[in-house]
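Listed here are the chains, written in short residue letters.
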Amino acid sequence: MKPVLMPKNNTMTKNPIGVMDSGVGGISVLKHIHALLPNEPLIYVADSAHAPYGNKSQEEIKQRCFAVADFLIAQQVKALVVACNTATAAAIADMRARYDLPIIGMEPAVKPAATASKNGIIGVLATVGTLQSAQFAALLESYGRNVEVVTQGCIGLVECIERGELDTEHTKQLLQQYCAPLLAEGADTIVLGCTHYPFVRELIEQIVGKSVTIIDTGAAVAKQLQHKLSEQSSLNPSTEPATIQFVTNSPHIQANKVIESLWGRPAKIQRLT
Ligand code: DGL
């Protein structure tokens, strides 16, 4: 039985698309969505009061995902993007069972990395929650069999990015510490398995050097969303640029500043308490 909670009319082409993350990381995915679908109104929810998800139990993450999705569905979204690898691994199956609308999730790009790697050694940077999930184990089983996969949980990195510390000594030290084992094993391809990490991609590139390929899934997820909407004839026909609404429950005074700096321009931000 499908749930009670669903948009009143999920085929309405002009309805917004909901994008959610444990915090500000999913803005890296939102940018790809907006670039590909500039006429689609978007509502982005940063559940920053509860970030990081990566060290929470699967049950806690599910409850947070339900709370955020209920909020977005009350705004009549026509599709949901779970712009968080950790939340996707913990909750997407239950969300799809609970809500009757297209739900697009994220997973670390092990498959493209295995194809891209020349020496067959790939590294995955992600949260501990993602790396310990059954979904990640299944991903390795399907696509990681013919390559060596070196995984590294990046404790504390999401918190740095939530504070907007993209280039501090502390962030650099954490990245050096987390990239070192991948380099020591000889990884020639590194997967950014958390949507916060594209915001420190330049630092990662400086540490690992130009010969290492870095893979991020934001663009692929935007394409998948476009495909899904087109399949359901629910792409917005408007030619007007759409509004992008940010919602955050962050208790931190600098939250708006962090969102605007990651988004790269002034943003319409609603603060929830
Ligand atoms: N952006 C989330 C992800 O992709 C971060 C998870 C967290 O809050 O720990 O995994």
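Everything that follows concerns the structure shown earlier in this document.
Below is a summary of the structure that appears in this document. All values derive from a computational prediction rather than experimental measurement. Within every chain, residues take consecutive numbers counted from 1 along the sequence as written. Given that this is a predicted model, residues contribute local features only at a pLDDT of at least 70 and side-chain atom pairs are listed and counted only at 80 or more, while totals for whole chains, interfaces and linings are drawn from all residues. Side-chain metrics rest on all non-hydrogen atoms present in the structure, leaving aside hydrogens and water.

1. Things to note about the sheet that holds strand β1 (residues 17-21)
- A pair of strands is considered paired only if DSSP assigns at least 2 bridges between the two. Where helices and strands are cited, they refer to DSSP runs of H or I of at least four residues and of E of at least two residues respectively, numbered from the N terminus. The strand order across the open sheet built from 6 strands is β4-β3-β1-β2-β9-β10, with neighbouring strands paired in parallel fashion. Of all strands in the sheet, those with a lone pairing partner are β4 (103-104) and β10 (268-271), marking the two edges.
- Across 5 bridges, the pairing between β1 and strand β2 (residues 42-46) is parallel. Following the sheet pairing, I17 is matched in β2 by L42.
- Should any heavy atoms of two residues lie within 4.5 Å, those residues are counted as being in contact. Interaxial angles span 0 to 180 degrees and are taken between N-to-C directions of axes, which are lines fitted to C-alpha atoms, for helices over the stretch in contact. Those strands touched by helix α11 (residues 255-263) are β9 (244-248) and β10, and its axis lies near 150 degrees from that of β10.

2. Some words on the site of the ligand
- Note on terminology: near, applied to a residue and a molecule or strand, indicates that one of the residue's heavy atoms is within 4 Å of it. Among the 13 residues in the neighbourhood of the ligand, the closest are listed as S22, Y53, G54, T86 and T195.
- Residues adjacent in sequence count toward polar contacts only when both atoms are side-chain atoms; beyond that, a polar contact is any pair of N or O atoms within 3.5 Å, and within protein one must be able to donate a hydrogen and the other to accept it. For the ligand, an oxygen atom lies 2.6 Å from a polar atom in the side chain of S22.
- Within the contact set of the ligand, a nitrogen atom lies 2.7 Å away from a side-chain nitrogen or oxygen of T195.
- The fraction of the free accessible surface of the ligand (290 Å²) that becomes covered by protein chains is 99%.
- When each cavity is represented as a set of grid points, the ligand is found to reside in the largest cavity. Here the Shrake-Rupley method, with its probe set to 1.4 Å, supplies the accessible areas, and only the displayed protein chains count as covering residues. Site definitions follow a grid-based scheme: protein atoms alone, a 1 Å grid, a 1.4 Å probe that fits but cannot get out for cavities, and for pockets an open set with protein on both sides within 12 Å along at least five of seven lines, plus lining residues having an atom within 4 Å of a point. Molecule-in-pocket calls rest on the fraction of atoms, with more than half required to lie within 2 Å of the cavity or pocket grid points.

3. Remarks on the layout of surface pockets
- Here the largest pocket defines a volume of roughly 410 Å³.
- Lining the largest pocket are 24 residues, and of these G105, M106, E107, P108 and L139 sit closest to its centre.
- Every element with two or more residues in the lining of the largest pocket is listed here: α3 (85-98), α4 (110-116), α6 (134-143) and α10 (218-231).
- Three residue categories are used. Nonpolar comprises Ala, Val, Leu, Ile, Met, Phe, Trp, Tyr, Cys and Pro, charged comprises Asp, Glu, Lys and Arg, and polar comprises the others, including Gly. Looking at the lining of the largest pocket residue by residue, the classes come out as 13 nonpolar, 8 polar and 3 charged.
- For the second largest pocket, the calculated volume is near 210 Å³.
- Contributing to the lining of the second largest pocket are 17 residues, with S48, E162, R163, S250 and H252 lying nearest its centre.
- By residue class, the composition of the lining of the second largest pocket is 9 nonpolar, 5 polar and 3 charged. Grid points are joined across faces, edges and corners, and a volume is the space filled by probe spheres set on the points.

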